2 protein chains.
Amino acid sequence: MDNKTKRYVIGVDFGTDSARTVIVDAFSGEELATAVQYYPRWSEGRYCDPVKNQYRQHPVDYMEVLEATIREALGQCDSGVAGKVAGISMDTTGSTPALTDAEGIPLALTEGFEENPNAMFILWKDHTAVKEAEEINRLARSGGVNYIKYVGGVYSSEWVWAKVLHVIRQDASVRQAAASWIEHCDWMPALLCGRQRPDEVVRSRCAAGHKALWHREWNGLPPGSFFRKLDPALERIRNNLYSETFTSDIRVGYLSPEWADRLGLTTQVAVGTGAFDCHMGAVGGEATPNVLTRTIGTSTCDIMTAHYKDVGDQLIAGICGQVDGSVIPGYVGLEAGQSGFGDIYAWFKNVLAWPVENLLDNTTLISPETKAKLKEEILEQIIPGLTDAAARIPFEESAVVALDWMNGRRTPDANQEVKGAMIGLTLGSDAPRIFKALVEATAFGSKAIVERFGREGVRIKEIIGLGGIARKSSFVMQTMANVLNMPIKIAASEQTCAFGAAMFAAVAGGIHKRVEDAQKAMGKGFDMVYHPNRDKADKYALLYRKYEQLGAFVEEHSD
Amino acid sequence: MDNKTKRYVIGVDFGTDSARTVIVDAFSGEELATAVQYYPRWSEGRYCDPVKNQYRQHPVDYMEVLEATIREALGQCDSGVAGKVAGISMDTTGSTPALTDAEGIPLALTEGFEENPNAMFILWKDHTAVKEAEEINRLARSGGVNYIKYVGGVYSSEWVWAKVLHVIRQDASVRQAAASWIEHCDWMPALLCGRQRPDEVVRSRCAAGHKALWHREWNGLPPGSFFRKLDPALERIRNNLYSETFTSDIRVGYLSPEWADRLGLTTQVAVGTGAFDCHMGAVGGEATPNVLTRTIGTSTCDIMTAHYKDVGDQLIAGICGQVDGSVIPGYVGLEAGQSGFGDIYAWFKNVLAWPVENLLDNTTLISPETKAKLKEEILEQIIPGLTDAAARIPFEESAVVALDWMNGRRTPDANQEVKGAMIGLTLGSDAPRIFKALVEATAFGSKAIVERFGREGVRIKEIIGLGGIARKSSFVMQTMANVLNMPIKIAASEQTCAFGAAMFAAVAGGIHKRVEDAQKAMGKGFDMVYHPNRDKADKYALLYRKYEQLGAFVEEHSD
């Protein structure tokens, strides 16, 4: 580093509840600062209605938190750092779109719409558009070009077109005011560079390809005629969108004077094209081609890249999209995932918590304060306690076998109608044995994804685990390694999404030429590998057959 | 009652853990006294090994408890009652046999065998003879006469021949000493009348027909040649048994001077032929032909009687035996049952109790004494609390559906290999919803039995519920009425087994001519009827289809 001037990059990860900013040495990858802030309006539950599965986020939340985390992170650094920042890149959840006016301003930032949830960003997990998604699927399957074929053959209620269609039908004022829409991951760079007008926005290949039906085969988005069949207003909106999209190595522009000032940075800071969190996370987790990177939390997001020559335009059945350049430029990005993972453990915890939650209050033995503390103590220990107990149970051939579809199935072959199941229950099936079966079920769900890639000719040579569960639960990860019969490497970084964004910022800012160079220079490596136990792997292969049979039964008999 | 001398009868019910004696007015059915005593050695867990499913009871336990309960009950009556007792009849669990010497003395009462579990009574739920039962099944199916065809086509490890074969193979000293065997329900009257010699014992039709393969078609027990193929010693033992059997209206004899003295009664007391508990319970519950009497506790025992002309020698597929006269003389007694019922609720309670049982101890917020009390308080409330919460859940078509085979399946088509299951689980499936599904599953299991009787041409015109759950849980019983789409009457008596024994005693003692007369005179009637809700019955018919489909899947894929 002697003969080089130090340069720094900023990565920002907009998650579901909070945003995280990291400031990183662009050459060494050394992390100088990290700052997390929760979205203030979202934290109060505003604009949401969980009963209706309505989840909206106000654009002001994003702006405030961006400014606060960057200023907080800069505050942790020497005073010279701010002047040496070469680039900033951002990832967000998705599909998280907002309708905009003709200038590209999200409607919630325009007069009269400040408190209207339909004018805000519609968070990925908002499920208000189930009917509209079904309508899109029917139309796509009704003949002509199959516009959903590159997103696994099923359009989801979590994706932009369904959400936009739902909102403009629900809300006449929004319908009238809406000229276009923008994904959260596109809006942030557009905002920072002052190029928000629909014709100026640099659109993320990742968001466009995985969620908006953009594909080279039809030269961009599906034609207006397609959307007209759904709603004339949708055709009008579609015509204020885009046909070109960009990979995240591309610079959108530089910080506008206004935002350079707000963030305490200079107008020489390059701003990179945005992308979704797990996609940048896979880069931050040092994914290389044919390595499946699994971000494992309440659900999983599984990302893989493959050489275009290996995949070409071949359709990979049953996965959540295949998009050229959505992860690493020059490679096809493949997305998959399990709808429920940690959520399933949390569900069982809630089932077991019922006596403590509901019956403890009846006692007169202890004070209300002690009850509250005791409840909290016990609830916190349930999953760690079950994990310890489950880890001590030897392999049992006659064990409970569970199906991990309590939240539907995302991959392979998305189906929101299927549900969870358990077989092999006996009077001796105690709570730890059921928990063990649930952990195995989430591992079997992982195996179903890995096997699907293999069956479709996409080789997986390695697995990288990211995210809370990957780092914290050795029981879960060892079980997964045994079930997959593959080693699983755990990335050393605890914030791979923000870190991946920083790598992209280093490319957009001209420090590294290619994303792969940034990975090599800045990567932190791996701090753990779970190796499969051969004997258990053989045994799990047999149990996996039962899982498959149970799955076939449940699918055949689902409503 | 003016011109009649008062006469009394005694019924004794030997249950799994305790024996209950009732003293009843033989004309009016008025209950004068009741006394319960727990088996002392059994209560200490002696001679048992739950890990091996070995459950043995010492004959001295039975003798001590008989004497104690009768003396205690007599002590509750006017002094004149003892002299006016006309008869005593006893029911026991079964098949609960003991090996005996040539004089018919249970080996555990002979020198050198006092502490040998293999010389004691082998309780119904002892499952040490699984392999021997399979051997008997293989032999019976290997050609020639099918000696298991009247017991549903499957010989169980809970039955006498499997148990005797197991014990004589396990224990050379017992093998050498064993001359014959006796069922608990036959030994009690034999003991009290002083006619224990194998050739003198009056054998119960009920025990012989349902458990020992006795049938008119082969003039009694299967021939020696059948048993020789299993073990030469078994043939020798078989030849010291019986070919005649008796219904429970038949008097075995009168109390011997020794036992009249021990019990505080006279030698004019007639002793009736014994039978199994649920069979006498059905009589005590006032069962009439074509009425299914269900004793509902941890499991169920379902008893029905049918006119011989309706059944004849037709084999009723998949039930637990059809024996002419096993319940009411002159009618065919049909037995069925669910292997798990209340046990399944208790299992779920134990699953939910895990945090309280295992994590509460870790806290320092409360003292060990308070912890112990709090644990007890919460555990006691789990099933009542779940019941209240489940009763408030409206009918949901997308509900969890469970399969009640956590303890295997007894009827229809006995299969100990099948296990419990659940489908339809979502992240919203909370503890009360799962409990509701388990209650429905036990009701569906009931429906499977009722449907099987119907398919085999045996009409069920009414259902009577007996036992703890039938009397205590209106939620369970109403669900069952809805699922079966039939009214369920609840017998007023809380101790129908002992009461049924008292009715038989009144016949054996010459007070009433027929069992039906005793029922009419002494019966207490019913104190509740659960009527089906038509709307729910229709909805449950659809859910029952799912239960059947799940059952077919589990059976097909069981190990």
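Given the structure is predicted, the values throughout are model-derived calculations rather than measurements.

**Observations concerning the overall build of chain A**
Looking only at helices and strands, chain A features 21 helices and 20 strands. By the compact-globule yardstick of 24 Å for 559 residues, chain A fits well, its C-alpha radius of gyration being 24 Å. Reported as C-alpha extents along the three principal axes, the dimensions of chain A are approximately 65 × 60 × 60 Å. Residue burial in chain A is summarised as follows: out of 559 residues, 63% are buried. Look at the contacts in chain A between residues 6 or more apart in sequence, and 73% of them connect residues 24 or more apart. Within the structure as shown, chain A displays about 20,200 Å² of accessible surface, and the carbon and sulfur contribution to it stands at 47%. Here chain A holds 59 positive side-chain charges and 71 negative ones, and the gap between their average locations is 4 Å.

**Description of the interface of chain B and chain A**
In this complex, chain B contributes 50 residues to the contact, which on the side of chain A involves 50 residues. Between chain B and chain A, a total of about 4,300 Å² is buried, with carbon and sulfur atoms accounting for 74% of that surface. The tally of links between chain B and chain A comes to 15 residue pairs in polar contact (both at pLDDT 80 or more). Put simply, the parts of the chain that give the side of chain B that touches chain A at least two residues each are helix H13 (342-358), helix H14 (368-391), strand S17 (420-425), helix H15 (431-455) and helix H20 (534-556) of chain B. Ranked by the residues each element gives to the side of chain B that touches chain A, the list is headed by H14(B), at 10 residues. Taken together, the residues of the side of chain B that touches chain A break down into 30 nonpolar, 13 polar and 7 charged. Across 5 bridges, the pairing between strand S17 (residues 420-425) of chain A and S17(B) is antiparallel. Looking at S17(B), one finds that A:Ile423 is bridged to B:Ala421.

**Some words on the packing of aromatic side chains**
Here a ring pair, both rings aromatic, is described through the centre-centre distance and the interplanar angle of the planes. Residues and elements named next belong to chain A. Overall, the coordinates contain 43 aromatic pairs over all chains when judged by the stated rule. Their ring planes at 35° and their centres at 4.0 Å tell us that tryptophan 161 and phenylalanine 227 sit as a pair that is tilted. Of the two residues, tryptophan 161 sits in helix H4 (residues 160-170) while phenylalanine 227 sits in helix H8 (residues 224-228), which places them 66 residues apart along the sequence. Neither residue differs from the other here; tryptophan 161 and phenylalanine 227 are each classed as buried.

**Focus on the relation of the copies chain B and chain A**
Superposition of chain B onto chain A requires a rotation of 179° combined with a translation of 0.1 Å along the rotation axis, giving an RMSD of 0.1 Å. Classification of the inter-copy transformation places it as that of a two-fold axis.

**As for the sheet that holds strand S18 (residues 462-466) of chain A**
Residue and element names in this part refer to chain A. Pairing in this open sheet of 7 strands is mixed, and the strands run S14-S15-S13-S12-S18-S19-S20 from one edge to the other. Edge positions in the open sheet fall to strand S14 (322-324) and strand S20 (526-530), since each of these has one partner strand only. Strand-to-strand, the axes of this sheet are offset by a mean angle of 25°, without reference to chain direction. The strands that helix H18 (residues 474-484) touches are strand S12 (291-296), S18, strand S19 (488-491) and S20; relative to S19, the one it contacts most, it runs at about 145°.

**Some remarks on the sheet that holds strand S14 (residues 322-324) of chain B**
Residue and element names in this part refer to chain B. Here 7 strands make up an open sheet; going across it, the order is S14-S15-S13-S12-S18-S19-S20 and the pairing mixed. Bordering the open sheet on either side are S14 and strand S20 (526-530), each of which pairs with just one other strand. Each neighbouring strand pair of the sheet contributes to a mean axis angle of 25°, computed without reference to strand direction. Relative to strand S15 (residues 331-336), S14 runs antiparallel, the two being bridged by 3 bridges. Residue glutamine 322 lies in a different strand from S15, and its bridge partner there is leucine 334. In the packing of H15 onto the sheet, contacts are made with strand S12 (291-296), strand S13 (300-307), S15 and strand S18 (462-466), and the angle to S12 comes to roughly 155°.

**Let's talk about the domain arrangement of chain A**
Residues and elements named next belong to chain A. Per the domain assignment, the segments making up chain A are domain 1 (8-285 + 493-524) and domain 2 (342-492 + 528-556). Put simply, the middle of domain 1 and the middle of domain 2, counted by C-alpha atoms, are 32 Å apart. The interface of domain 1 with domain 2 comprises 8 residues on the first partner and 6 residues on the second. When the buried surface of domain 1 facing domain 2 is broken down by residue, Gly285, Ser493 and Glu494 rank first, second and third, together holding 54% of it. Taken together, the connections running from domain 1 to domain 2 amount to 2 residue pairs in polar contact (both at pLDDT 80 or more). Each residue belonging to the side of domain 1 that touches domain 2 can be placed in one class, and the counts come to 2 nonpolar, 4 polar and 2 charged.

**Quick notes on the environment of A:Val24**
Residue and element names in this part refer to chain A. As for its position among the elements, valine 24 is in strand S2 (residues 18-25). Residues valine 24 and glycine 144, spaced 120 residues apart in sequence, show a C-alpha to C-alpha distance of 49 Å. Discounting chain neighbours no more than four positions away, the residues touching valine 24 are Arg7, Tyr8, Val9, Gly29, Glu30, Glu31, Leu32, Phe499, Ala502 and Met522.

**Some points on the pattern of salt bridges**
All names here are of chain A. Tallied over the entire structure, the rule returns 66 salt bridges over all chains. Residues arginine 56 and aspartate 126 are paired through a salt bridge, measuring 2.8 Å at the closest nitrogen-oxygen approach. Residue arginine 56 is found in strand S4 (residues 56-57), and its partner aspartate 126 is found in the loop between strand S7 (121-122) and helix H3 (130-140); the two are separated by 70 residues along the sequence. Among the residues examined, arginine 56 registers a relative accessible area of 1% and is labelled buried. Among the residues examined, aspartate 126 registers a relative accessible area of 0% and is labelled buried. Between aspartate 527 and arginine 471 there is a salt bridge, with its nearest N and O atoms 3.2 Å apart. Here arginine 471 lies in helix H17 (residues 468-472) and aspartate 527 lies in strand S20, a separation of 56 residues in the sequence. Exposure remark for arginine 471: the relative accessible area of 24% places this residue in the partly exposed category. One connected set of salt bridges, linked through shared partners, spans Glu135, Arg169, Arg175 and Asp231.

**With respect to the packing of helix H21 (residues 534-556) of chain A against H20(B)**
Between two packed helices, what matters for the description is the angle formed by their axes and the separation of those axes. Across the interface, H21(A) lies against H20(B) with an axial gap of 11 Å and an inter-helix angle of 160°. Viewed along their axes, H21(A) and H20(B) adopt a mutual orientation that is roughly antiparallel. The chirality of how H21(A) crosses H20(B) is right-handed. Contacts between H21(A) and H20(B) involve A:Gln549, A:Leu550 and A:Phe553 from the former and B:Gln549, B:Leu550 and B:Phe553 from the latter. Per-class residue counts for the contact of H21(A) with H20(B) are 4 nonpolar, 2 polar and no charged.

**Some words on helix H11 (residues 277-284) of chain A**
Residue and element names in this part refer to chain A. Counting buried positions along H11 yields 8 of 8 residues, so the element is predominantly enclosed. Turning to H11, its buried residues are Asp277, Cys278, His279, Met280, Gly281, Ala282, Val283 and Gly284. After H11 finishes, the residue glutamate 286 shows a positive phi value of roughly 65°.

**Let's talk about the packing of helix H2 (residues 59-75) of chain A against helix H6 (residues 184-193) of chain A**
All names here are of chain A. Across the interface, H2 lies against H6 with an axial gap of 12 Å and an inter-helix angle of 60°. Taken together, H2 and H6 sit at an angle that is classed as oblique. The chirality of how H2 crosses H6 is right-handed. Seen from H2, the contacting residues are Pro59, Tyr62, Met63 and Leu66; seen from H6, they are His184, Trp187, Met188, Leu191 and Leu192. Here the residues of the contact of H2 with H6 sort into 8 nonpolar, 1 polar and no charged.

**Some points on H15(B)**
All names here are of chain B. Compared with an ideal rise of 1.5 Å per residue, which puts 25 residues at 36 Å, H15 spans 36 Å between its outermost C-alpha atoms and is within 8% of the ideal. Taken across its 25 residues, H15 has 21 buried, putting it largely inside the fold. Where H15 begins, the side chain of aspartate 430 points an oxygen toward the backbone nitrogen of arginine 433, at a separation of 3.0 Å. Directly beyond the C-terminal end of H15, a positive phi value near 85° is found at glycine 457.

**Details of unusual backbone geometry**
The amide bond that connects A:Gly94 to the next residue, A:Ser95, takes the cis arrangement and shows omega of 0°. In this model, A:Leu213 sits at a positive phi of 70°, which is unusual for a non-glycine residue. On the basis of relative accessible area, A:Leu213 is assigned to the buried category, the value being 2%. Although it is not a glycine, B:Glu286 sits at a positive phi angle of roughly 70°. Assignment of secondary structure puts B:Glu286 in the loop between helix H11 (277-284) and S12.

Rules behind the numbers
- Residues numbered from 1 in each chain as written.
- Chains lettered and ligands numbered in written order.
- Predicted model: local features only at pLDDT ≥ 70, side-chain atom pairs only at ≥ 80, totals over all residues.
- Heavy atoms only, no water.
- Helix = DSSP H or I, 4+ residues; strand = E, 2+ residues; numbered from the N terminus.
- Rg over C-alpha atoms; globule rule 2.2 N^0.38 Å.
- Buried < 20%, exposed > 50% of the residue type's maximum accessible area, 1.4 Å probe, protein only.
- Contact = heavy atoms within 4.5 Å.
- Areas by Shrake-Rupley, 256 points an atom, 1.4 Å probe, with all protein chains shown as cover.
- Lys, Arg positive; Asp, Glu negative; His and termini not counted.
- Charge placed at Lys NZ, Arg CZ, Asp CG, Glu CD.
- Buried area = accessible area lost by both parts, 1.4 Å probe.
- Polar contact = N/O pair within 3.5 Å; in protein donor to acceptor, adjacent residues only side chain to side chain.
- Nonpolar A, V, L, I, M, F, W, Y, C, P; charged D, E, K, R; others polar.
- Pairing = 2+ DSSP bridges.
- Phe/Tyr/Trp six-rings, centres within 6.5 Å; stacked < 30°, edge-to-face > 60°.
- Least-squares fit on C-alpha atoms with pLDDT ≥ 70 in both.
- Axes fitted to C-alpha atoms, helices over the stretch in contact; angles between N-to-C directions.
- Domains from an automatic or database assignment.
- Salt bridge = Lys/Arg side-chain N within 4 Å of Asp/Glu carboxyl O.
- Parallel < 35°, antiparallel > 145°, perpendicular 65-115°, else oblique.
- Left-handed = near helix turned anticlockwise from the far one by under 90°.
- Expected span 1.5 Å × (residues − 1).

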